[in-house]
Amino acid sequence: MKPTRLAATVQFAITVTWGAAAVAAPVPPSAPALPGMQAPPGAAPAPRRVPAPGAQGDSAPLPTPSSAAQKLYAAAKADLLQVRSLLKSGRTQSSVGSGFLVGTSNLVLTNYHVVSQFALDPETYTGEWVDTSGQRGNIELLAVDVLHDLAVVRVNRYGTGFFKVPENAVGLTQGQYLYSLGNPLDLGFAISEGAYNGVISRSFYDQLMFTGPINSGMSGGPSVTADGQVAGVNVAKRLDGELVSFLVPIRYAQRLLKQVGEKAVAPKDFTAVVTQQLLAHQKAMVDQLLAGPLTKKTMGPYEVPVRETEQMRCWGNSSAQVTSRTEKPFAVDTTSCTMESSVFVSGSLQTGAVGIRHQYLRSTGLDAIRFAQLSSSSFKNESFGSYKDSRLTGPQCTEQFVTNGSLPMRAVLCVRAYRKFAGLYDFSLLTASTDDGMMNLQSRLDARGVSYENGMRTARAFLEALARTGVK
């Protein structure tokens, strides 16, 4: 059975209706030259945990809480908040999450994705809190950590001291009971029981696995131990599993709270803050990707580069296909490597990830002309993005015939600039071997949310690693 990609099956626990805002578009550099490649003699150059949250959510009711959960909720409810994003025009609700007051302060911890609308578009959106007794007030956003999906806001009321964020990490054991609190599906405040089941390392940043229900609207709520210690912050769940949910470890929140303590005044521009954090992420991601030579896998007579780590996993399949009832068959082997998480920026943008795909086509009966038509059609079927995208500019592409010393290729390199986050780009590199008329290796690299330098660096390493072994 073909495994399901994690990125397609994770939902953030926020109830939301998303809108898009047009922004000025930075212009990417002119069509890039293919990195580090020489055109062969006589060749003429030619001209990527998770989808955006949705409003539908999981409508399954939470189970009746145990007596321990009832006692915890009774003690904690005064410090639980619903965090709302409102359209300034008309004060209508746009998204709903949860949060909790830290100690006896007026600081509230929540998820970045809960406040992302008024963080990135404060002219259009504002924030509001509502507590369990129905009181409400305005929110002041103080700090965000887009990489770990956390935010700190300030409100005009104080906590009772129930939710204490410990200075040291909370020691948890496999199977230990945890209690998650929040406002699921905007129906009312609730508590759910589950168990801690270890640290998930497939995300680029650690997350805790919580085997219990976290429904939409509970994002940003606390997950606590039986004695009330905050162990993590609700963030997401798997849609293709049962009670597989995720928490942000409390140590990341500890760091953010310390930063807020040092900076009592909120930044004037959170877009700039998010940009700097994304730039830091892409550097760490590319440095890790290229820390050593890319792993080589054999596909027919070719060697193809992949990178298998805890954060990037590879899957393969092979199938014989028939072009029609009357035509002879061909065969295709595919290897795909994807990062199993990405960075949530807004409801329409997740970035900071790398994907690799190789497709080895070979004729098992087609003549050379028909096989050439088949492989050419496959190459032309690739998409590099729309010119009408409000998030990124249209692709600037370079196409050229190149060789890396062992393999002649047709290569297309496309770059798109982020309209709102200066210095970030999406790179796509597509190659097709040109060494044999009866077989074809097509490879694709996608690097999302990288600097121009790191995009070229990644594309160069990918091109240089493709090879022909000489053995069919």
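This text goes with the structure placed above it.
Chemist: Hey, could you run me through helix α4 (residues 270–289) in this one?
Modeler: Quick reminder: α-helices carry 3.6 residues per turn. Residues three or four places apart thus point the same way. Between its first and last C-alpha atoms α4 spans 28 Å; for 20 residues at 1.5 Å apiece the expected length is 28 Å, and the two agree. The opening residue of α4 is Asp269, an N-cap whose side-chain oxygen sits 3.0 Å from the backbone nitrogen of Thr271.

Chemist: Help me understand the state of the cysteines, please; the structure alone is not making it clear to me.
Modeler: Here, disulfide denotes a covalent bond that connects the sulfur atoms of two cysteines. This structure, assessed with the given rule, holds two disulfides. Across the disulfide, Cys314 is cross-linked to Cys337 (sulfur-sulfur distance 1.9 Å). Negative torsions about the S-S bond denote left-handed disulfides, and the value of about 105° found for Cys314 with Cys337 makes this one right-handed. Of this pair, Cys314 sits in strand β18 (residues 312–322) while Cys337 sits in strand β19 (residues 329–339), and the two are 23 residues apart along the sequence. The exposure classification of Cys314 matches that of Cys337, with both residues buried. A disulfide bridge connects Cys397 with Cys414, and the sulfur atoms are separated by 2.0 Å.

Chemist: Mind showing me how you'd approach the nonpolar core here?
Modeler: Generally speaking, soluble globular proteins have nonpolar side chains that are buried together. In terms of nonpolar packing, the biggest core is built from 113 residues, with Tyr112, Leu141 and Val274 touching the most fellow members. Every residue in contact with Val274, bar those within four places of it in the chain, is listed here: Tyr112, Leu120, Val144, Val146, Val345 and Phe421.

Chemist: I would appreciate a short explanation of the sheet that holds strand β16 (residues 295–299) in the present structure.
Modeler: The sheet built from three strands is open, its strands ordered β16-β17-β27 with antiparallel pairing. The sheet is open, and its two edges are formed by β16 and β27 (467–468), each paired on a single side. For β16 and strand β17 (residues 302–306), the ladder comprises five bridges, and the chain directions are antiparallel. Bridging from a neighbouring strand, Thr298 pairs with Glu303 of β17.

Chemist: In this structure, what is going on with helix α5 (residues 368–380)? I would like to understand it.
Modeler: Taking 1.5 Å of rise per residue, 13 residues should cover 18 Å, and α5 covers 18 Å from first to last C-alpha, within 8% of that figure. Buried residues of α5: Phe371, Leu374, Ser375, Ser378 and Phe379, and no others. Down the axis, α5 shows its buried residues gathered within 135° of arc, on one side only. α5 presents Ile369, Gln373 and Lys380 as exposed residues on the side facing more than 90 degrees away from its buried surface. On its buried face, α5 is in contact with β19, β22 (353–363), β24 (408–417), β25 (425–433) and β26 (439–450).

Chemist: In this structure, what is going on with the packing of aromatic side chains? I would like to understand it.
Modeler: What characterises a pair of aromatic rings is the spacing of the ring centres plus the angle enclosed by the ring planes. On inspection of all chains with the given rule, the structure shows eight aromatic pairs. On the numbers, 6.4 Å between centres and 70° between planes, the contact of Tyr112 with Phe344 is edge-to-face. You can see Tyr112 sitting in helix α2 (residues 112–120) and its partner Phe344 sitting in strand β20 (residues 343–346), a full 232 residues away along the chain. In textbook terms, an aromatic cluster arises when at least three aromatic residues are bridged by ring pairs, as seen for Phe100, Phe162 and Phe163. The ring of Tyr252 has Arg251 lying over it, and the distance from NZ or CZ to the ring centre is 4.6 Å. Seen from the ring of Tyr302, Arg468 lies directly overhead, with NZ or CZ sitting 5.6 Å from the centre.

Chemist: Explanation requested: the pairing of β24 in the structure shown.
Modeler: Where a strand is regular, its side chains alternate between the two sheet faces. Buried residues dominate β24, accounting for eight of its 10 residues. Pairing of strand β23 (residues 396–403) with β24, which is carried by eight bridges, proceeds in the antiparallel orientation. For Phe401, the partnering residue across the bridge sits in β24 and is Arg410.

Chemist: It is not clear to me how the pattern of salt bridges should be interpreted in this structure. Could you clarify?
Modeler: Any two side chains of opposite charge can pair, on the condition that their charged atoms come close. Under the definition given, this model contains 20 salt bridges. Between Lys297 and Glu308 there is a salt bridge; the shortest N-O distance is 3.4 Å. Here Lys297 is found in strand β16, whereas its partner Glu308 is found in the loop between β17 and β18, with 11 residues between them in sequence. When its relative accessible area of 30% is taken as the criterion, Lys297 is described as partly exposed. A salt bridge links Glu382 to Arg357, with the nearest nitrogen and oxygen atoms 2.4 Å apart. Taken together, the residues span a long stretch of sequence, with Glu382 in the loop between α5 and β23 and Arg357 in strand β22 at a distance of 25 residues.

Procedures and definitions
Residues numbered from 1 in each chain as written. Predicted model: local features only at pLDDT ≥ 70, side-chain atom pairs only at ≥ 80, totals over all residues. Heavy atoms only, no water. Helix = DSSP H or I, 4+ residues; strand = E, 2+ residues; numbered from the N terminus. Expected span 1.5 Å × (residues − 1). Polar contact = N/O pair within 3.5 Å; in protein donor to acceptor, adjacent residues only side chain to side chain. Disulfide = S-S within 2.5 Å. Buried < 20%, exposed > 50% of the residue type's maximum accessible area, 1.4 Å probe, protein only. Core = buried A, V, L, I, M, F, W, Y, C linked by side-chain atoms within 4.5 Å. Contact = heavy atoms within 4.5 Å. Pairing = 2+ DSSP bridges. Arc of directions from axis to C-beta. Phe/Tyr/Trp six-rings, centres within 6.5 Å; stacked < 30°, edge-to-face > 60°. Lys NZ or Arg CZ within 6 Å of the ring centre and 35° of its normal. Salt bridge = Lys/Arg side-chain N within 4 Å of Asp/Glu carboxyl O.

Note that every value here comes from positions in space, so none of it alone points to a role or purpose.
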